[in-house]
Structure formats: C-alpha cells, structure tokens
Amino acid sequence: MQLPNSPARSDEGIQHSRFGLLNIFKRDYERYDGVPLINIYLLKLLFTLMFLFLTYDSWTHILHHTGPWDPANSAAWFMWASCAFIAFIGIRRPLKMLPIVLFEIVYKTAWLIVVAYPLYRRNELTGSPAEGMADNFMLVILPIVAMPWRYFFRTYIVDKRAA
C-alpha cells in the first residue's frame, strides 16, 4: 500500500517524486485553482521582493524625513508603505493579491511608455533623473511573467459572480 504523500513508483520500480522539476509547470487544481506552481512561486518571490524593498525604502524615507511634507510627495511615500503591507499578505495568499500585481504592471509600463521612452528617443534618458527609475521599472518583466493571466481574466474579468 502506498501512502498518499509518498513518492509514486512506476512499473520499473523507479521512484517519481511529486516535487519534480516538471511538476512546477503543472496546473494545481487542488490548492491553487488550476494555476501552475511556477506562477505561485514567482508570485511569492515577487511579493517577497516588493515587501523587502518597499518596506526598507518607504519607511526609511518616512521615518527620517525632516521638515514639512509636500502633500503629493508624502502621499506617494505612504502609498508605497501601504503596498509593502499588501505585499506581505501576498506572500501568504498570492492569488488574492493579484490586483496589486496588475497595478504594478500598469503604472510601470505606462511610465516607461509615457515618460522614459520619449527621453530615450531624444537621447536624454542617460544621465537624467529618470534614468535610475527607468532601470528599476524595466524589471516589470517579472510581474508580467509571474502573473497567471488565464486565472486573472477568468477570476477578475469574466466571472459574473464577482459583480
């Protein structure tokens, strides 16, 4: 008798682990509503990085700020501090926090197209204040790849029950 969590055996007696490399590309219908494990792992990595970097950057800036706050600038810093908290939740519940991933994809892509690309075309991006931000925002590829698009559209766009 084979235990439910024990490795499977084939007819040849070769052990096959359920944690094999190819298994991360299979859809997990039991725990993650059909989302491949690779997407879950990438989302958890993304949320971990968001939590670490946003927490450090935003709270360091907020706690060490001196003088009066510019309202728009302060709102942005506190928004990032809030995103850090949401990212912490996303580490545990990645599929519940997909709207924050979409938010990241949209604002970074829009900024790259509207702000950075015109500077780049005029050869003015290098050395400009926008250069460092553009370098960081180019990492938007990670959330684009990590996003389980099929699940996202099925759950957040098509689902009629969500209304």
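Along each chain, residues carry numbers from 1 onward, in the same order as the chain's sequence is written. This being a predicted model, a pLDDT of at least 70 is required before a residue's local features are given, and a value of 80 or more before pairs of side-chain atoms are given or counted; all residues contribute to the totals for chains, interfaces and linings. As a rule here, side-chain values come from all non-hydrogen atoms in the structure, and water together with hydrogens is ignored.

Glancing now at the overall build of the protein chain. Numbering of helices and strands runs from the N terminus, with a helix taken as a DSSP run of H or I at least four residues long and a strand as a DSSP run of E at least two residues long. Check the secondary structure of the protein chain and you find 6 helices and 4 strands. The order of helices and strands in the protein chain, counted from the N terminus, is β-β-β-β-α-α-α-α-α-α. The cut-offs for exposure are 20% and 50% of the maximum accessible area for each residue type, with area from a 1.4 Å probe on protein chains only; residues under the lower value are buried, those over the upper are exposed, and the others partly exposed. Residues classed as buried in the protein chain amount to 31% of the 163 residues present. Taking the contacts inside the protein chain whose residues are at least 6 apart along the sequence as the reference set, 55% of them involve residues at least 24 apart. The method behind every accessible area is Shrake-Rupley, applied with a 1.4 Å probe, and residues are considered shielded solely by the protein chains displayed. As displayed, the protein chain has an accessible area near 11700 Å², and 65% of this comes from carbon and sulfur atoms. Working rule for contacts: check all heavy atoms of both residues, and any pair within 4.5 Å makes them a contact.

Below, the discussion takes up the packing of helix 1 (residues 37-64) against helix 2 (residues 71-92). Axis definition: a line fit to C-alpha positions, over the contact stretch in the case of helices; interaxial angles, taken between N-to-C directions, run 0 to 180 degrees. Axis separation between helix 1 and helix 2 bottoms out at 8 Å; the angle between their running directions is 145 degrees. As for how helix 1 packs across helix 2, the hand of that crossing is left-handed. Between helix 1 and helix 2, the contacting residues are Lys44, Phe47, Thr48, Met50, Phe51, Leu54, Thr55, Asp57, Ser58, Trp59, His61 and Ile62 on the first element and Asn73, Trp77, Phe78, Trp80, Ala81, Cys83, Ala84, Ala87, Phe88, Gly90 and Ile91 on the second. Take the far helix as your reference; a near helix turned counterclockwise from it by less than a right angle gives a left-handed crossing, and one turned clockwise gives a right-handed crossing.

A few words now on the packing of aromatic side chains. Pairs were defined over the aromatic rings of Phe, Tyr and Trp, the Trp ring being its six-membered one, requiring ring centres within 6.5 Å. Orientation was assigned from the angle between planes: stacked under 30 degrees, edge-to-face over 60, tilted for the rest. Enumeration over the complete set of coordinates arrives at 13 aromatic pairs. Arranged with centres 6.5 Å apart and planes meeting at 45 degrees, the rings of Trp80 and Phe103 form a pair that is tilted. With Trp80 in helix 2 and Phe103 in helix 3 (residues 98-121), this pair connects stretches of sequence that are 23 residues apart. What links up through ring pairs into an aromatic cluster is the set Trp80, Phe103, Tyr107, Trp111 and Phe137.

Take the nonpolar core next. Among the nonpolar cores identified, the biggest contains 34 residues, and Phe47, Leu95, Leu98 and Val101 are the most heavily contacted of them. In this structure Val101 touches Leu43, Leu46, Phe47, Pro143 and Met147, once residues within four positions along its chain are discounted. Residues belong to a common nonpolar core when they are buried Ala, Val, Leu, Ile, Met, Phe, Trp, Tyr or Cys residues joined through side-chain atoms within 4.5 Å.

A few words on a nonpolar patch on the surface. Within the patch definition used here, like charges are joined within 9 Å and nonpolar side chains (Val, Leu, Ile, Met, Phe, Trp, Tyr) within 5 Å, considering only residues with over 30% relative accessible area and no salt bridge. Counted as salt bridges are all cases of a side-chain nitrogen of Lys or Arg within 4 Å of a carboxyl oxygen of Asp or Glu. Side chains of Leu45, Leu49, Leu52 and Phe53 sit close together on the surface and give an oily, nonpolar patch of about 380 Å² of accessible area. Mapped onto the secondary structure, Leu49 falls in helix 1.

Further remarks concern the confidence of the model for the protein chain. Low pLDDT means the predicted coordinates in that region are not meant to be read closely. Confidence scores per residue from the predictor, reported as pLDDT, run from 0 to 100. Mean pLDDT over the protein chain works out to 86, with 84% of the residues at or above the 70 mark. Confidence scores differ between elements of the protein chain, with strand 2 (residues 15-16) showing the lowest mean pLDDT of 48 and helix 3 the highest of 96.

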